[in-house]
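Residue-level listing of the chains:
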Amino acid sequence: LAAKFFKRVTDILSTQKVEFDEKAVAAVVEKHFPDFRRTLNELQRYAACGRIDAGILVNHTDFTLKELVGYMKNKDFTNVRKWVGQNVDIDTNVLFRKFYDTAIDHLKPASIPQLVLIIAEYQYKQAFVADNEINTVAFLTEVMVECEFK
């Protein structure tokens, strides 16, 4: 199924006269499979830059939570929301995992079990959401409200 989808995507890109590197397109299809909508949205976003090439394969998972956690600690919803908007390319599952892995650095120990429950809830919801950004902001808002920061 992924191979058929890849073929269809490359046909669409060719028809629309978008220059692309097949390896880069294949990587996007593989990364987001079976979420066809997300794959198409990502490719459309990359195509807006003029060409889909290996430049899109840069690892976007290397980010720090320091700035975001600072906003959350100060209950600064506006900047939390802005941070999410500026970092829409971060995979939500990577964000969830990063929160889980670094919880001891940012939260009081009594809040970590609550964080785990919130992460589990939003991981489940992620499969059904229409707008990933809204779900991510909801996740961060719940963590901001329910957990105590160091």
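This report concerns the structure included in the present document. (Residues numbered from 1 in each chain as written. Predicted model: local features only at pLDDT ≥ 70, side-chain atom pairs only at ≥ 80, totals over all residues. Heavy atoms only, no water.)

1. Here we look at the packing of aromatic side chains
Throughout the structure, instances matching the rule amount to six aromatic pairs. Ring geometry for Phe96 and Phe139: centres 4.7 Å apart, planes at 75 degrees, overall edge-to-face. Of this pair, Phe96 sits in helix α6 (residues 92-106) while Phe139 sits in helix α8 (residues 132-146), and the two are 43 residues apart along the sequence. Just as Phe96 is buried, Phe139 falls in that class too. In textbook terms, an aromatic cluster arises when at least three aromatic residues are bridged by ring pairs, as seen for Phe96, Phe99, Tyr122 and Phe139. For Lys125, the ring lying beneath its charged end belongs to Tyr122, and the centroid distance is 4.6 Å. (Phe/Tyr/Trp six-rings, centres within 6.5 Å; stacked < 30°, edge-to-face > 60°. Helix = DSSP H or I, 4+ residues; strand = E, 2+ residues; numbered from the N terminus. Buried < 20%, exposed > 50% of the residue type's maximum accessible area, 1.4 Å probe, protein only. Lys NZ or Arg CZ within 6 Å of the ring centre and 35° of its normal.)

2. Brief notes about the environment of Val29
Topologically, Val29 is positioned in helix α2 (residues 22-32). Aside from chain neighbours lying at most four places away, what touches Val29 is Ala2, Phe5, Phe6 and Thr39. (Contact = heavy atoms within 4.5 Å.)

3. Re the nonpolar core
By size, the foremost hydrophobic cluster in this structure holds 24 residues, and its most contacted members are Leu68, Met72, Phe99, Leu115, Phe139, Leu140 and Val143. For this core, the elements supplying multiple residues, two or more each, are α4 (66-73), α5 (77-86), α6, α7 (112-126) and α8. The dominant element in this core, judged by the number of residues it contributes, is α8, at five residues. (Core = buried A, V, L, I, M, F, W, Y, C linked by side-chain atoms within 4.5 Å.)

4. What to know about the packing of α6 against α8
With their axes 11 Å apart at the nearest point, α6 and α8 run at an angle of 10 degrees to one another. Taken together, the axis directions place α6 and α8 in an arrangement best described as roughly parallel. Across from Thr92, Leu95, Phe96 and Phe99 in α6, the residues of α8 making contact are Asn132, Thr136, Phe139 and Leu140. Of the residues contributing to the contact of α6 with α8, the split by class is five nonpolar, three polar and no charged. (Axes fitted to C-alpha atoms, helices over the stretch in contact; angles between N-to-C directions. Parallel < 35°, antiparallel > 145°, perpendicular 65-115°, else oblique. Nonpolar A, V, L, I, M, F, W, Y, C, P; charged D, E, K, R; others polar.)

5. Structural notes on the packing of α6 against α7
α7 packs onto α6 with a crossing angle of 170 degrees between their chain directions and a minimal axis gap of 10 Å. Here α6 is positioned roughly antiparallel relative to α7, judged by the angle of their axes. Each of Thr92, Asn93, Phe96, Phe99, Tyr100, Ala103 and Ile104 in α6 lies in contact with α7, whose residues at this interface are Ile112, Leu115, Val116, Ile119, Tyr122, Gln123 and Gln126. Grouping the amino acids of the contact of α6 with α7 by side-chain chemistry returns 10 nonpolar, four polar and no charged.

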